[in-house]
Amino acid sequence: MTEVKNSSSTTLVRQSEALIPTPHGDFNMLAFAENENDLMPHIALVHPEMNPQQPVSVRVHSECITGDLFGSKRCDCGEQLEEALRVISRDKGVLLYLRQEGRGIGIINKLKAYQLQDDGLDTIQANLHLGLEIDGRHYDIAIDMLRDLSIQNIRLLTNNPEKVEAFQGSHVNIVERVPLIIPPQRQNLGYLQTKREQMGHFLDL
């Protein structure tokens, strides 16, 4: 098993892997966790023909139960995931699925924040009202997972400037930022506008 140490001194181990056939093609699924009993490991989906000697198309995707699993229209996460899988299948790339639900606040607080948004707050105001960070995600684990996969040069699929900044100073070089273009819907337009105007996301709305 391969050990991965991130900057928070947590030791992740590549616990298991298997070939997973998906609607987007076959991927090797790798589970990274501190121990084999961890019920929420970080996941890497790696195209079987991924070549780490060339720039690799990579999506770093934080878990979104509501969007990824149930197709919630309050955000564009599920649609971003689907588009990223399409691109990664085409480009023979990698998807890193990080278990940091709700920009790092967890599903319980995320549902509380949704209730506050229904009362008129935007996504940032709701988090602050709950005493939480606006965005509590961290990407050091993703960087170390890429190191484990021997990937040094990537085309990063993201609209988020913080993800780009997270790789600065690391062993991973971003050779290109690839936008994920998802048409806004009525239910998530305000959410996307907040991300663009207050969080600096690269969105053309």
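Residues numbered from 1 in each chain as written. Predicted model: local features only at pLDDT ≥ 70, side-chain atom pairs only at ≥ 80, totals over all residues. Heavy atoms only, no water.

This brings us to the overall build of the protein chain. Broken down by element type, the protein chain carries eight helices and eight strands. For the protein chain, whose C-alpha radius of gyration is 17 Å, the value lies close to the compact-globule estimate of 17 Å for 205 residues. Considering only C-alpha atoms, the protein chain reaches an extent of 50 × 35 × 35 Å along its principal axes. A burial count over the protein chain gives 47% of its 205 residues as buried. Excluding contacts between residues fewer than 6 apart, the proportion of contacts in the protein chain whose partners are at least 24 apart in sequence is 57%. On the protein chain, roughly 10,500 Å² of surface is accessible, and the fraction owed to carbon and sulfur atoms is 49%. The protein chain carries 20 positive and 28 negative side-chain charges, and their two centres are separated by 4 Å. (Helix = DSSP H or I, 4+ residues; strand = E, 2+ residues; numbered from the N terminus. Rg over C-alpha atoms; globule rule 2.2 N^0.38 Å. Buried < 20%, exposed > 50% of the residue type's maximum accessible area, 1.4 Å probe, protein only. Contact = heavy atoms within 4.5 Å. Areas by Shrake-Rupley, 256 points an atom, 1.4 Å probe, with all protein chains shown as cover. Lys, Arg positive; Asp, Glu negative; His and termini not counted. Charge placed at Lys NZ, Arg CZ, Asp CG, Glu CD.)

What follows deals with the nonpolar core. Counting 24 residues, the largest nonpolar core has Val-60 and Val-94 as the members making the most contacts within it. Listed by contribution, the elements that provide at least two residues to this core are strand S3 (25–33), strand S4 (42–46), strand S5 (56–62), strand S6 (94–98), helix H6 (140–148) and strand S7 (153–157). Residues in contact with Val-60, not counting those within four places in the same chain, are Leu-96, Leu-98, Tyr-139, Ala-142, Leu-156, Lys-163 and Phe-167. (Core = buried A, V, L, I, M, F, W, Y, C linked by side-chain atoms within 4.5 Å.)

All right, on to the pattern of salt bridges then. Within this structure, the stated rule accounts for eight salt bridges. Here Asp-118 and Arg-74 are joined by a salt bridge, their closest N and O atoms 3.0 Å apart. One end of the pair, Asp-118, is in helix H4 (residues 106–118); the other, Arg-74, is in the loop between helix H1 (65–69) and helix H2 (77–91), with 44 residues separating them in the sequence. Asp-118 sits in the exposed class, given a relative accessible area of 56%. Where salt bridges share partners, they join Arg-14, Glu-17 and Asp-148 into one cluster. (Salt bridge = Lys/Arg side-chain N within 4 Å of Asp/Glu carboxyl O.)

Extensive coverage of H6 is indicated by the burial of eight of its nine residues. Note on H6: the residue one or two positions beyond its end, Ser-150, has a positive phi of about 60°.

On average, residues of the protein chain carry a pLDDT of 89, and 95% of them reach 70 or more. Across the protein chain, the secondary-structure element scoring lowest on mean pLDDT is strand S1 (residues 3–5), at 50, and the one scoring highest is S7, at 98. In the predicted structure, residues 5–9 sits below a pLDDT of 50 and forms nine contacts with residues beyond four places in sequence or in another chain. (pLDDT = per-residue confidence, 0-100.)

Bringing the environment of Gln-198 into the picture now. Note that Gln-198 resides in helix H8 (residues 189–199). It is 8.4 Å that separates the C-alpha atoms of Gln-198 and Ile-124, two residues lying 74 residues apart in sequence. Among all residues touching Gln-198, those that are not within four sequence positions of it are Asp-122 and Ile-124.

Two faces make up the sheet, and in a regular strand the side chains alternate between them. Where strand S2 (residues 11–22) lies against S3, nine bridges are found, and the strand directions are antiparallel. Looking at S3, one finds that Ala-18 is bridged to Met-29. Where S2 folds back onto S3 in an antiparallel hairpin, the turn is made up of two residues. (Pairing = 2+ DSSP bridges.)

This next bit is on the packing of aromatic side chains. Under the counting rule described, the total for this entry stands at zero aromatic pairs. A cation sits over an aromatic face here: Arg-74 above Tyr-114, 4.1 Å from the ring centre. (Phe/Tyr/Trp six-rings, centres within 6.5 Å; stacked < 30°, edge-to-face > 60°. Lys NZ or Arg CZ within 6 Å of the ring centre and 35° of its normal.)

Here we come to the pairing of strand S8 (residues 173–178). Pairing of S7 with S8, which is carried by five bridges, proceeds in the parallel orientation. Its bridge partner lying in S8, Leu-156 is registered against Arg-177.

With that out of the way, let us pick up H8. Inspection of H8 places Tyr-191, Leu-192, Thr-194, Lys-195 and Met-199 among the buried residues, and these make up the whole buried set. Seen end-on, H8 carries its buried residues on one side only, within an arc spanning 155°. Packing partners of the buried residues in H8 comprise H2, helix H3 (101–104), helix H5 (123–129) and helix H7 (161–166). Gly-200, located one to two residues past H8, shows a positive phi value of around 75°. (Arc of directions from axis to C-beta.)

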